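Structure at a glance
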Amino acid sequence: MRLRPVIAALAALPVAFCLREQVPLIADHGKLEGAAVDKHAPSYRKALLDLHRNLVSIPSISGAELDVGRWLVDYLVSKNFRTDVQFVAPREGTPDGAQRFNVLAWPGQYDDPRPRVLLSSHIDVVPPFIEYGIEDGPVTKDTVIRGRGSVDAKAAVAAMTIAVEELVAARRVKKDDVMLVFVVGEEVAGDGMITFSDAALARDEPASWHSVIFGEPTESKLVCGHKGALFCDLKATGLASHSGYPWLGKSANELLIHAVAKILETDLGSSELYGNTTFNLGLMQGGVASNVVAASAVGSFGARVAIGPEKDGHLIVKKRIQAVLDEVDKDAFEMDCRPGYGTVDCNCDVEGFETLTVNYGTDVANLKGNFTRYLYGPGSILVAHGENEALTVGDLESAVENYGKLIEHALSQKN
């Protein structure tokens, strides 16, 4: 895998990276002092908690990931990783003049590594920023850690990194067999992973990796697959009139409401493994005043697709939604959809792991190629994106051990 032609140099950033021994973002370790007191704690507990704390403490809402990316590169260099960055186009929320980039790191010494296994998660988070916090008292495996991204997905970033550090230090893996790929934009459009994938496909040689381990909150279980996704904007066009004479107009609001009600009653597709396709109208806006029949209305919806195949299962769902719209009013609706996908299967045949399927989408479908896919991570999706996002120290430590097991399992498989 040749990286240099597709990955920009660090010096190209508007503000230079500080490539030196890592200095924690928060100088006072405070409550983390107790991390070393627990005689049952793994040797890496303090390093893991410091890394996780620093990542969570840096705001990185999608589009504005520059600061956490800089810090992460600095940290990885201090731990003797080779690092590079891969620039991603600005998007809504990116400050003027700021850069966005994926962080790539590997423990080997080659400029152009050919890793057999990738570990990937994302460094962007959903709004709003919530400060890092850790429960009072001595730090044990039951100590609770809170903050935006503490689960989704900076927990995976921290645990993956420490797992690779531990395996390399113990010489349980060859340095050049693994690479970390931490991407931006997963929470909004997957543009970080799409950029990485497009660059890999554009190379003049096939990708070296035969396995990729993706990190998301999975309740510390190995995921057998997840639902697909279809996200669209829906516009309804009507005819304005005085609300005292509504028969002279045509309400776009009523059209939109009627259509959504029928969609919710429609079987959009189901399967034994993934259940029913679900539909959520997340945004809706229409009309100009309460005494005017609305001439236009717009809505944005997300469908979690329960049918395959991965390549075009979402198109089947789109066709069924379009049929409902045509039934309501063939001429009134326009639907504009982003790239989607059907159900996504992952490998969960690894000894020692509980398994499950999940309803949310991930970057798994955004990385194209022929390789084995694993999806695992600490924490629960049920608290991710919420004001009470949190997990325990034990969750993080179990993830370090389990990422290690997954890396060794993947490396044991034939190419």
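Here the structure is a predicted model, which means the values were calculated and not measured. Counting from 1, residues in each chain are numbered in the order their sequence is written. Only residues with pLDDT of at least 70 are given local features in this predicted model, and only at 80 or more are side-chain atom pairs given and counted; all residues enter the totals for whole chains, interfaces and linings. Neither water nor hydrogens contribute to the side-chain values; these are computed over all heavy atoms in the structure.

**Re the pattern of salt bridges**
- Within this document, salt bridges are pairs made up of a side-chain nitrogen of Lys or Arg and a carboxyl oxygen of Asp or Glu, the two lying within 4 Å of each other. Enumeration according to the criterion identifies 17 salt bridges in this entry.
- Notably, a salt bridge pairs Arg45 with Glu397, separated by 2.4 Å at the nearest N-O pair. With a gap of 352 residues between them, Arg45 in helix α1 (residues 45-57) and Glu397 in helix α7 (residues 393-412) connect regions that are remote in the sequence.
- Note that Lys262 and Glu327 form a salt bridge whose closest N and O atoms lie 3.4 Å from each other. Pair noted here: Lys262 is in helix α5 (residues 252-264) and Glu327 is in helix α6 (residues 313-328), with a separation of 65 residues, a long-range link.
- Only protein chains enter the accessibility calculation, which uses a 1.4 Å probe. A residue is then buried if its area is under 20% of the maximum for its type, exposed if over 50%, and partly exposed in between. Classification of Lys262 as partly exposed rests on a relative accessible area of 24%. For the purposes of this entry, the term helix denotes a DSSP run of H or I that reaches at least four residues, the term strand denotes a run of E that reaches at least two, and both are numbered from the N terminus.

**Notes on the state of the cysteines**
- By definition, disulfides here are pairs of cysteine sulfur atoms that lie within 2.5 Å. Throughout the structure, instances matching the rule amount to two disulfides.
- Paired by a disulfide, Cys224 and Cys348 hold their sulfur atoms 2.1 Å apart. On the sign convention where negative means left-handed, the S-S torsion of about 95° between Cys224 and Cys348 marks this disulfide as right-handed. With Cys224 in strand β8 (residues 222-226) and Cys348 in the loop between β15 (344-345) and β16 (355-358), the pair connects residues that are 124 residues apart, well separated along the chain.
- For Cys224, a relative accessible area of 18% translates into the label buried.

In short, the description is geometric, and any link to function would need to be established separately.
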